Amino acid sequence: MTSEAINTDTYWETAAQAVDWFSPWHTLVNTEDGPGAKWFDGATCNTCHNAVDRHVAAGGADRAALIYESPVTGSEKTYTYGDLQKEVALLAGVLAANGVCKGDRVIIYMPMVPEAVFAMLACARLGAIHSVVFGGFADHELAKRIQDATPKLVLAASCGIEPSRVVAYKPLLDSAIKLSSHKPGCCIILQREQLKAELVEGRDIDWAEALLSASPHGVVPVAATDPLYILYTSGTTGAPKGVVRDNGGHMAALTATMQNFYGVGAGDVFWAASDIGWVVGHSYIVYAPLLVGATTILFEGKPVGTPDAGVFWRTVEKYKVKALFTAPTAIRAIRRDDPTGSFIKKADISTLKALFLAGERADPPTIEWAKAELNIPVIDHWWQTELGWPALGVPLVGADIHIKTGSAGKPVTGFTVLTLDEASRPLPTGEMGDIVIKLPLPPGAFPALWQNMEGYKKAYFSKHAGYYLTGDAGYIDDDGFVYVMARTDDIINVAGHRLSTGDMEEVIAGHPAVAECAVMGVSDPIKGMIPVGLAVLSSGAGVDTAVIGREIVTRVRDQIGPVAAFKHVGFVKQLPKTRSGKILRATLRKIADGETVVTPATIDDPLTLEYARNAFKGMGLG
Ligand code: COA
Ligand code: AMP
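Residues numbered from 1 in each chain as written. Chains lettered and ligands numbered in written order. Predicted model: local features only at pLDDT ≥ 70, side-chain atom pairs only at ≥ 80, totals over all residues. Heavy atoms only, no water.

(A) Looking closely at the pairing of strand E11 (residues 165-168). In the sheet, strand E10 (residues 159-162) pairs with E11 via four bridges, with the strands oriented antiparallel. Looking across to E11, one finds that Ile161 is bridged to Val166. Here E10 folds back onto E11 in antiparallel fashion, the turn holding two residues. (Pairing = 2+ DSSP bridges. Helix = DSSP H or I, 4+ residues; strand = E, 2+ residues; numbered from the N terminus.)

Here it is as structure tokens:
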């Protein structure tokens, strides 16, 4: 079954008119090198110029560009496009003075502060390639990214603020640099007043001091096909995948989505309540709103608890937000704390035209609740780090906003989406299969994995020739609506955060007392899923499972990060496996979720299901 939206050369040529190019392309889309299409090949441009300088040159210097709203620190500040240009040019000057040139990598390990946005744009200004690492990842994960991206320089903050604690970033950075065999030459550290960091002599530079002696740097032209950034995302192994984004195609695609999907343009206020460490943050906190001259909100806080479940609606009222984008988990958390929507009723949210949800499956009860309380369209839309912008959804633009609750929508212009069976045959409507996208992928989708073209082709393009494998399974209905139901690999979504259970298994298996283990994504009413582990102890290991359990939980938190939310591990004599030795993870997940389980015909020892049932019961599951 195919579900198709228009994807014409004219569409992308028109979209590209919204971008300032320094020189034109000779080939709109070059597919000579296989699946990694090169859009706007031959053109030169600069993303920072288009996101910042262009608006200033067109008389928009006084228009609000970035609003920093930080309930966790009690601060707020608005930066106009003129302010943004000054901040970014100066920081680019600092980077250049420290040896950063076009093509160099820069790691950004920062919380949701304006300087993090300046950092991304300053890299773009110089043609340097940024790689933002989410603050909820610990040193080992940061080290993997430093190792792979080999950055010349790191930009970091001394700390991040979580509702329950101040997170010291700098010790994690120092430890990550120790763990990595690649050592960045220099770290520029933003000292936040909540916790100052100790600087390493000869390597670390104080951010504020560096700015004092800096001169503003101009925009460096780059090829449309040059990388703008690398964003690491969970793959099926412990090694994260370095998703590469280009400059030209990315700008054309993001501009088109703002105009044609979200219905947001210059002067509108757009709020993506995500984090700059994720693709949603890259695309819709930073680049897309700025590319169209809109105002973007950078929110340092949570949907609940900072200070309450009304903070989203008060922020919408305060800044006259036109469209809000968040993860379903945030709405579930708000609903849990304010089931009657009392905070919504207290705020004037009349400027809000739609709520967009993505990052994980939006469960129908959550959508229905939000629709009833907000009285605006609640639009589920589906995409991935790899794609960079929504592939399925229902555009807010247009007269007929037809939504089917439970479906992530129809293909957005640029994507032809199909469901295939194991033999690559299109499936009839209603039948579950691999969700794939027909090649070539549109502008803005990833043309490569960083320095890993072989892995790129193997992971995404080898199973079904001529199609991109999304890793999601689902079905398409008679009206062309696509239902995204599950992952086909070991990736799980925890509070909208994409994580690999394989990665967690590697960390747990590293515990000296563990012989083998399995991690499953188990349903959670707020986070959608949480990881739960089962482990088999090696013979001769200590028998105090309470102690070993605590050590395992700490190990995952220390090595992957608190964001993994790994809190449950149980112990079994043996894991349920097929006769060929494959762990029956899907069966385990069903048991943990309390679903009825038919003993698989291929199981080696049915008794192992009983062991698992007892272990899950011990954790309050099943
Ligand atoms: N830096 C350091 N630690 C971080 C962090 C960051 N940037 N982000 C999260 N963490 C930590 C949290 O402090 C928490 O630690 P804890 O175990 O000590 O409490 C842990 O990671 C899990 O955090 P989180 O996923 O935020 O869960 P929570 O229980 O604190 O809050 C929600 C639950 C639903 C409110 C929260 O997950 C949320 O706002 N989700 C929205 C997700 C989102 O926007 N995703 C982006 C996709 S669009
Ligand atoms: P990420 O790369 O972090 O954006 O995660 C992408 C994955 O999140 C997808 O492959 C899906 O598994 C899941 N996902 C994102 N949005 C949705 C959605 N609207 N419905 C269902 N799953 C989603």
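Now that the structure has been shown, the text picks up again.
(B) Structural context of the sheet that holds strand E30 (residues 514-524). Overall, mixed pairing links the three strands, which are arranged E30-E31-E32 in an open sheet. Since the sheet does not close on itself, it has two edges, and those belong to E30 and strand E32 (568-571), each with one partner. In this sheet, adjacent strand axes meet at a mean angle of 25° when their direction is disregarded. Where strand E31 (residues 528-537) meets E32, four bridges bridge the pair, whose relative direction is parallel. Bridged to Ala535 within E32 is Phe571. (Axes fitted to C-alpha atoms, helices over the stretch in contact; angles between N-to-C directions.)

(C) Looking closely at the site of ligand 2. Around ligand 2 there are 15 residues in total, and Asp380, Thr385, Asp472, Arg487 and Arg498 lie nearest to it. Within the contact set of ligand 2, an oxygen atom lies 2.9 Å away from a side-chain nitrogen or oxygen of Gln384. Within the contact set of ligand 2, an oxygen atom lies 2.7 Å away from a side-chain nitrogen or oxygen of Arg487. Considered on its own, ligand 2 offers 490 Å² of accessible surface; in the complex 93% of this is hidden by protein. Across the shell around ligand 2, the residue classes break down as four nonpolar, five polar and six charged. (Near = heavy atom within 4 Å. Polar contact = N/O pair within 3.5 Å; in protein donor to acceptor, adjacent residues only side chain to side chain. Areas by Shrake-Rupley, 256 points an atom, 1.4 Å probe, with all protein chains shown as cover. Nonpolar A, V, L, I, M, F, W, Y, C, P; charged D, E, K, R; others polar.)

(D) Fine view of the domain arrangement of the protein. Domain annotation of the protein identifies domain 1 (1-34 + 247-493), domain 2 (47-220) and domain 3 (495-618). Measuring from the centre of the C-alpha atoms in domain 1 to the corresponding centre in domain 3 gives 32 Å. Contacts between domain 1 and domain 3 engage 14 residues on the former and 17 residues on the latter. Taking both partners together, domain 1 and domain 3 bury about 1,400 Å²; carbon and sulfur atoms supply 53% of that area. For domain 1, the biggest contributors to the area lost against domain 3 are Trp278, Ile492 and Asn493; these three give 46% of the whole. Our count for the contact surface shared by domain 1 and domain 3 stands at one salt bridge. (Domains from an automatic or database assignment. Contact = heavy atoms within 4.5 Å. Buried area = accessible area lost by both parts, 1.4 Å probe. Salt bridge = Lys/Arg side-chain N within 4 Å of Asp/Glu carboxyl O.)

(E) Quick look at unusual backbone geometry. The omega angle of the peptide bond from Thr306 to Pro307 is 0°, so this bond is cis rather than trans. Note that Pro307 resides in the loop between strand E18 (295-299) and helix H10 (311-319). Geometrically, the link from Leu439 to Pro440 is a cis peptide bond, its omega value of 0° lying close to zero. With respect to the helices, strands and loops of the structure, Pro440 is situated in the loop between strand E25 (433-438) and helix H14 (453-461).

(F) View of the nonpolar core. With 115 residues, the main nonpolar core has Leu121, Leu155, Tyr284, Tyr287 and Phe325 as its most contacted residues. Per-element tally for this core: the top contributor is helix H4 (residues 114-126), with ten residues. Per-domain counts for this core show at least three residues from each of domain 1 (1-34 + 247-493) and domain 2 (47-220). Non-local contacts of Leu121, meaning those with residues more than four positions away in its chain, are made with Cys48, Ala51, Val52, Leu84, Val88, Val286, Tyr287 and Leu290. Membership of the second largest hydrophobic core comes to 46 residues, among which are Trp278, Ala448, Val494 and Ala564. (Core = buried A, V, L, I, M, F, W, Y, C linked by side-chain atoms within 4.5 Å. Buried < 20%, exposed > 50% of the residue type's maximum accessible area, 1.4 Å probe, protein only.)

(G) Main features of the state of the cysteines. Per the counting criterion, the structure on display carries zero disulfides. For the unlinked cysteine Cys48, the closest cysteine sulfur is that of Cys123, found at 10 Å. Relative accessible area serves as the criterion here: at 0%, Cys48 is assigned to the buried category. With no disulfide of its own, Cys159 has Cys187 as its nearest cysteine by sulfur position, at a separation of 16 Å. In this structure Cys159 comes out as buried when scored by relative accessible area, which is 0%. (Disulfide = S-S within 2.5 Å.)

(H) A positive patch on the surface, seen in detail. On the surface, Arg165, Lys527, Arg557 and Lys567 cluster together into a positively charged patch. Within the secondary structure, Arg557 is located in helix H16 (residues 545-559). Since its relative accessible area comes to 36%, Arg557 is described here as partly exposed. (Patch = residues over 30% accessible without salt bridge, like charges linked within 9 Å, V, L, I, M, F, W, Y side chains within 5 Å. Lys, Arg positive; Asp, Glu negative; His and termini not counted. Charge placed at Lys NZ, Arg CZ, Asp CG, Glu CD.)

(I) Structural detail: the site of ligand 1. Residues in close proximity to ligand 1 total 23 residues, the closest being Glu162, Lys302, Pro303, Lys527 and Arg557. Within the backbone of Ala273, one N or O atom sits 3.4 Å away from an oxygen atom of ligand 1. In isolation ligand 1 has 940 Å² of accessible area, and contact with the protein removes 83% of it. Class assignment of the residues belonging to the shell around ligand 1 gives a composition of eleven nonpolar, six polar and six charged.

(J) Inspection of the sheet that holds strand E20 (residues 354-357) at higher detail. Here seven strands make up an open sheet; going across it, the order is E6-E5-E18-E17-E19-E20-E21 and the pairing mixed. Each end of this open sheet is capped by a strand with a single partner; those strands are strand E6 (75-80) and strand E21 (378-380). If you compare each strand with its neighbour and ignore which way they point, the axes differ by 20° on average. One ladder, built from four bridges, connects strand E19 (residues 323-326) with E20; its direction is parallel. Looking at the pairing, Thr326 lines up with Leu357 of E20. With respect to the sheet, helix H13 (residues 364-374) is in contact with E20 and E21, its orientation differing from that of E21 by roughly 155°.

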